[in-house]
Amino acid sequence: MMVWTQRRSNIFSLRHLLAMILSLAAVAAMSSGGGSGLNYSSPLDPFDSSTSWSLGEDPSNSSSDPVVRTLTPDLQPATTVVGIQEVNPWDVALCVTGTLISCENALVIAVLFYTPTLRAPMFVLIGSLAAADLLAGLGLILNFVFTYLVDGSVEYVTLLSVALLISAFSASVLNILAITVDRYLSLYNALTYHTERTVTFTYVMVVLIWVSCLALGLLPALGWNCLRDESACSVCRPVTKINAVVLAVTFLLVFALMMQLYLQICKIAFRHAQQIAVQHQFVAMSTTKGVSTLSAILCAFGACWLPFAMYSIVADSSYPAIYTYATVLPATCCSVINPIIYAFRNPDIQKSLWLACCGCVPSNLSLRPRTSSDV
């Protein structure tokens, strides 16, 4: 009797094992596409999170046999993979440009801050321009971070980014205008310029520039934005079309004023050259060089900003984004050129850079004090 019971137990164990093998084989056939319409790209993995296992009764068991449960998979669709946002090469280029702008202008600010002799009104304006370009570079970097690393759909993030960019680039343009006016006054009132022009007056002018630019930057945050009406957007969201046109027209007026001032500077320089007959040859060469430098400055400024200003007037949000990038990138390059034109060409700043980096000054470096009229 004991032998018969042991044999029957062995038969049950063998049947149970055979049922489990057949069940797993059927599941493997289903996962490979045989006998069903489902098609999976990989074999069934018992440790795959997309497959859940449950206990099911083996239908081959008779009612008299003990209930045997087998592991059968509840096939479920695999978890959908969330796509990573593709990085736009234009945004990368703007971020790299912003990094270069920040490094250049941070160097200019450091030199002006740690050199006590560079406190003249001219250097105050150069420092203000460098600060504006530094903020513009940081704004480009933050815009990239907000776009790809932070949830850009949050309204205050978008408004903060556009406020920083508008304020910084507006301050950059107006500081360039202030430097142009300063050069013109230093030539037009050459005898009384240094007595009339004080550092306090320069600081007041710089404060007015920054207050005006901050007000322009805050306009989108105060309601002048197209977050509620996408059709009213300009080429730069969330700036409205009207706001963009006003900024572009203002820039064109500033550019026209700069052209007029530089034209007057050239006339005054040629008049001075004719009045000094003893140094006629030297002054003629110096004046020709100065006019060439002024022309290069004006052409570089216009080439950088005019395409974007004109495009902002005629285009809106329905235009392809590539046109906006193609005009914005040259405009940002103006902030790369500004330190070279207005700071690194200055002999006093060059002297400070050589002393800071090498501890000496090259013998061929001119140590003549540079005035505002020098270009």
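Our subject is the structure listed above.
All figures in this text were calculated on a predicted structure; none of them were measured in a lab.

Draft legend 1. Inspection of helix α3 (residues 121-148) at higher detail. With 28 residues, α3 extends 41 Å between its outermost C-alpha atoms, agreeing within 8% with the 40 Å of an ideal straight helix rising 1.5 Å per residue. Counting buried positions over the 28 residues of α3 gives 20, a clear majority of the element.

Draft legend 2. Layout of the packing of aromatic side chains. In total, this model carries 11 aromatic pairs according to the counting rule given. Taken together, a centroid distance of 6.0 Å and an interplanar angle of 20° make the contact between W90 and Y325 stacked. Taken together, the positions of W90 in helix α2 (residues 89-113) and Y325 in helix α9 (residues 321-342) put the pair 235 residues apart, joining distant regions of the chain. Judged by relative accessible area, which is 29%, W90 ranks as partly exposed. Judged by centre distance (5.5 Å) and plane angle (45°), the ring pair of F251 and F301 falls under tilted. Taken as a pair, F251 in helix α7 (residues 241-275) and F301 in helix α8 (residues 280-314) lie far apart in primary sequence, 50 residues in all.

Draft legend 3. Broad picture of the side chain of S312. By secondary structure assignment, the location of S312 is in helix α8. Residue contacts for S312: discarding those within four places in its chain leaves V235, K241, A244, V245 and A248.

Draft legend 4. Geometry of the state of the cysteines. One pass over the structure, following the stated rule, counts 1 disulfide. The disulfide partner of C226 is C233, and the S-S distance across this bridge is 1.8 Å. The sign of the S-S torsion, about 95°, decides the handedness of the disulfide formed by C226 and C233: right-handed. Accessibility assignment for this pair places C226 and C233 in one class, buried. Here C333 stays free of any disulfide, with the sulfur of C304 as its closest cysteine sulfur at 6.3 Å.

Draft legend 5. Geometry of the environment of K241. Along the chain, the position of K241 falls in helix α7. Its relative accessible area of 22% is what places K241 among the partly exposed residues. With 10 residues separating them in the primary sequence, K241 and S231 have C-alpha atoms 9.2 Å apart. Sequence-distant contacts of K241, defined by excluding residues within four places in its chain, comprise A232, C233, S234, S312, I313, V314, A315 and D316.

Conventions adopted
Residues numbered from 1 in each chain as written. Predicted model: local features only at pLDDT ≥ 70, side-chain atom pairs only at ≥ 80, totals over all residues. Heavy atoms only, no water. Helix = DSSP H or I, 4+ residues; strand = E, 2+ residues; numbered from the N terminus. Expected span 1.5 Å × (residues − 1). Buried < 20%, exposed > 50% of the residue type's maximum accessible area, 1.4 Å probe, protein only. Phe/Tyr/Trp six-rings, centres within 6.5 Å; stacked < 30°, edge-to-face > 60°. Contact = heavy atoms within 4.5 Å. Disulfide = S-S within 2.5 Å.

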